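# Fold and geometry: a report
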Amino acid sequence: MELKKLQKYVVTGSRQFYFATSGFTIGKRKKREIHKDEDGKCQVKIGRQTYTGELVHKKQNRLTVEVNGNRYEFVVEPDAVVKRKAMNSSERDNDKTLLLKSPMPGKICEVFVTKDTLVKKGEPLLILEAMKMQNQVLAVCNAKVKAVHIKTNDAVFGDQILMELEQE
């Protein structure tokens, strides 16, 4: 008998829920029945409570479902993705320093700022060439440039730190 690997997921909507695909229960185990009709609607009976629902919209890992007349939108992501996103957001120093990372691998064509430059939200910081297209990388907020880690003609990887910005 082959054991399946335990898969962990996080469901994010108005609140965040963690669950695993193998052997999870919430509270006491109750009798469950699931019926699907030809219209795609499901009726789930858990104990004495009945829920009627349907999948309204699905795009990749973003889902909209309707249960008992109420709509819920949520995202289902593997646990590792949520941890990586949390780690990336925690790379900020005292919530004032932002690490500007390369959105994709490419080559730096031009850098418009130097250390201690004051920039406004939307102002171009550099031009990154990727797949024969030149992309402007813009300031996401009003900030002061603390450090510039790249120069013109540098090759960069995706997610490489390009600059450090201190929010104003």
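### Focus on the overall build of the protein
Per the secondary structure count, the protein includes one helix and 15 strands. Here the protein holds 168 residues, and 21% of them are scored as buried. For the protein, the accessible surface area stands at approximately 12,900 Å², while carbon and sulfur atoms represent 50% of it.

### Quick notes on the sheet that holds strand E14 (residues 155-156)
Sheets are built from strands that pair by backbone hydrogen bonding, the pairs being arranged parallel or antiparallel. Read across the open sheet, the four strands follow the order E12-E11-E9-E14; overall the sheet is antiparallel. The open sheet has two edge strands, strand E12 (133-138) and E14, and neither has a second partner. Both strand E9 (residues 106-111) and strand E11 (residues 124-130) contribute to a ladder of four bridges, which runs antiparallel. If you follow Val111 over to E11, its bridge partner there is Leu126.

### Thoughts on the nonpolar core
One finds Ile108, Val119, Leu125, Leu126, Leu162 and Met163 to be the most contacted residues of the largest nonpolar core, which totals 18 residues. Beyond its immediate sequence surroundings of up to four residues, Leu162 is in contact with Leu100, Lys101, Ser102, Ile108, Leu126, Val148, His149, Ile150 and Val156.

About the criteria used
- Residues numbered from 1 in each chain as written.
- Predicted model: local features only at pLDDT ≥ 70, side-chain atom pairs only at ≥ 80, totals over all residues.
- Heavy atoms only, no water.
- Helix = DSSP H or I, 4+ residues; strand = E, 2+ residues; numbered from the N terminus.
- Buried < 20%, exposed > 50% of the residue type's maximum accessible area, 1.4 Å probe, protein only.
- Areas by Shrake-Rupley, 256 points an atom, 1.4 Å probe, with all protein chains shown as cover.
- Pairing = 2+ DSSP bridges.
- Core = buried A, V, L, I, M, F, W, Y, C linked by side-chain atoms within 4.5 Å.
- Contact = heavy atoms within 4.5 Å.

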